[in-house]
Amino acid sequence: MSEGVVLPNGQMPNPGTLLPKQPPPLPSSTTPTLVPPPTAMSAAPTTTNTTTTMNTTTTAGVTAAATTATTAAVATTVQIGPTPSLSDTKRKNLEHYIERDLLFVSAFEQQKRAQVELVNEKQRDPKRLLQQGAGATPAATAAAGLELFGPGYRGLGNGTTGNAFHIVYPAHRRRPRRSKEFAFTKAMMDDQAQKDDVLVPIRLEVEVDGLVLRDTFTWNLHETLVTPEHFAEVLCEDMQLPPQQFGPHVSKAIREQIQDYHLPAIGSVDQEPESLETLSPDDPRPGQELRILIKIDITVANTSLVDQFEWDIACPNNDPEHFAEVLAAELGLGGEFRTAIAHSIREQVQTHTKCLNLIGYNYDGSSVHDEDLRSSFLPKILSILREEDAVEQFTPILEKLSEPEIDKLERDRERDK
């Protein structure tokens, strides 16, 4: 802004005030005479020369706009004066606020210095501990570790650790077993690995002095390293049951079910199962179907699974464990359901296999002569599509049970037994 500019009201403008651009000079040589800005009651601006009335009116309007803008800018200027007088209460509150702010700044700076010091100390401690542990005794190393890591370094169930890496074996547990440990040589385990695994479904239900032990698992028919007596002793210790009362009953139940197990006599032991591609359509063996209906009713915690499906006991490729793994994965169930499903399948297959062996069935594709036993098998499949009214019966059902429902279910199962 150039010097010497005077506003129409006679005042000097502020340094930061922007004035609108002045209109270009009139083309006529006659210069109009400007009059003061009109008030609210005044008429339109006039000039002494009537030939330049239009130009004079425009110039007067621009001047009026500049005057209004400058007046507004001057009016918005904030005047900073002395601090107004405060009452005693407000003055005390202000002093209190200032004191609290100073205390906060001091505490914050102190905490910041403490954090920096702690970080530096933690960076120095591992180096110092490694230097001390290079030639120090185990007691000195443990003391240095306790100082570094705090009371949790003592163990709290993990035992006394240290800088040395070591493997903790079952024999090193803090609470040693009262039963005999499982200890086998590599030669013994290699010999056991050469034998085929034939899984026998075992179901335990032992009641002694009001205590009931219920469990299901599978036992290898060709097991030679672990005896039922040793297994019963370890099981009783794990379940915190008196081994003198429960041990003999558990081992007896295992041996009885192993002796009562019947293998399906499908071909010889050394015969390899033939693939479907090598079988001709005229071979009578493709018609050999021993399909049974497997029914599953399992409850784990408060989750109940009810399902049924068909199973061919004459097919050597059917694997209960693999089927249970796939079914549990599809339904989003845990490992307890997997083992329970596989065990239930093996139990029901074993029941039908035992009946077939008792009547002397040869598993050669011929029909079963016993009418009662033959009715327990499903008819031959004529269509790959199931009947529409039977689809719902072969659909798995998952339910969340309440405590009264679980008790009622247990009573119903006891009554059925």
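Residues numbered from 1 in each chain as written. Predicted model: local features only at pLDDT ≥ 70, side-chain atom pairs only at ≥ 80, totals over all residues. Heavy atoms only, no water.

If you look the protein up in an unreviewed UniProt entry, it shows as SWI/SNF chromatin-remodeling complex subunit from Lunasporangiospora selenospora. UniProt, in its Sequence similarities (unreviewed entry) section for the protein, records the words "Belongs to the SNF5 family." (UniProt positions renumbered as here; feature names shortened; annotations may be inferred.)

J.: Please give an account of the overall build of the protein that cites residues and values.
T.: Scanning the protein for helices and strands turns up 10 helices and 5 strands. Across the 417 residues in the protein, those meeting the buried criterion constitute 24%. Excluding contacts between residues fewer than 6 apart, the proportion of contacts in the protein whose partners are at least 24 apart in sequence is 58%. With the model as given, the accessible surface of the protein reaches about 30800 Å², and the carbon-plus-sulfur share is 56%. (Helix = DSSP H or I, 4+ residues; strand = E, 2+ residues; numbered from the N terminus. Buried < 20%, exposed > 50% of the residue type's maximum accessible area, 1.4 Å probe, protein only. Contact = heavy atoms within 4.5 Å. Areas by Shrake-Rupley, 256 points an atom, 1.4 Å probe, with all protein chains shown as cover.)

J.: Describe in detail the nonpolar core, supporting the description with residues and values.
T.: Counting 27 residues, the largest nonpolar core has L290, I294, W311, I313, I345 and L356 as its most contacted members. Among the secondary structure elements, those contributing two or more residues to this core are β3 (291-300), β4 (303-312), α7 (320-331) and α8 (335-358). At 7 residues, the largest contribution of residues to this core is made by α8. Core analysis: the second largest hydrophobic core is formed by 21 residues, L213, F246, V250 and I258 among them. (Core = buried A, V, L, I, M, F, W, Y, C linked by side-chain atoms within 4.5 Å.)

J.: Describe the layout of surface pockets, listing the residues and the values that go with them.
T.: In this structure, the second largest pocket encloses a volume near 1100 Å³. In terms of lining residues, the second largest pocket is bounded by 30 residues, among which R203, T216, D297, I298 and R413 are the most central. At the level of secondary structure, the elements contributing two or more residues to the lining of the second largest pocket comprise β1 (199-208), β2 (211-220), β3, α8 and α10 (403-416). Ranked by the residues each element gives to the lining of the second largest pocket, the list is headed by α8, at 9 residues. Taken together, the residues of the lining of the second largest pocket break down into 8 nonpolar, 7 polar and 15 charged. (1 Å grid on protein atoms, 1.4 Å probe; cavity = no way out; pocket = protein on both sides within 12 Å on 5 of 7 lines; lining within 4 Å. Points joined across faces, edges and corners; volume = space filled by probe spheres on them. Nonpolar A, V, L, I, M, F, W, Y, C, P; charged D, E, K, R; others polar.)

J.: Would you mind going over the side chain of S251 in detail, with residue names and values included?
T.: By the secondary structure assignment, S251 is in helix α6 (residues 243-259). Residue classification places S251 among the buried positions, given a relative accessible area of 8%. For S251, the residues in contact, after removing those within four places along its chain, are P228, E229 and A232.

J.: Mind laying out the confidence of the model for the protein, listing which residues take part and the relevant values?
T.: For the protein, the mean per-residue pLDDT works out to 74, and 64% of the residues sit at or above 70. Highest mean pLDDT in the protein belongs to α7 (93); lowest belongs to helix α1 (residues 53-75) (46). Contacts from residues 27-66, a stretch scored under 50 in pLDDT, to residues over four places away or in other chains number 25 contacts. Taken as a whole, residues 266-286 scores under 50 in pLDDT and shows 9 contacts with residues more than four places along the chain or in a different chain. (pLDDT = per-residue confidence, 0-100.)

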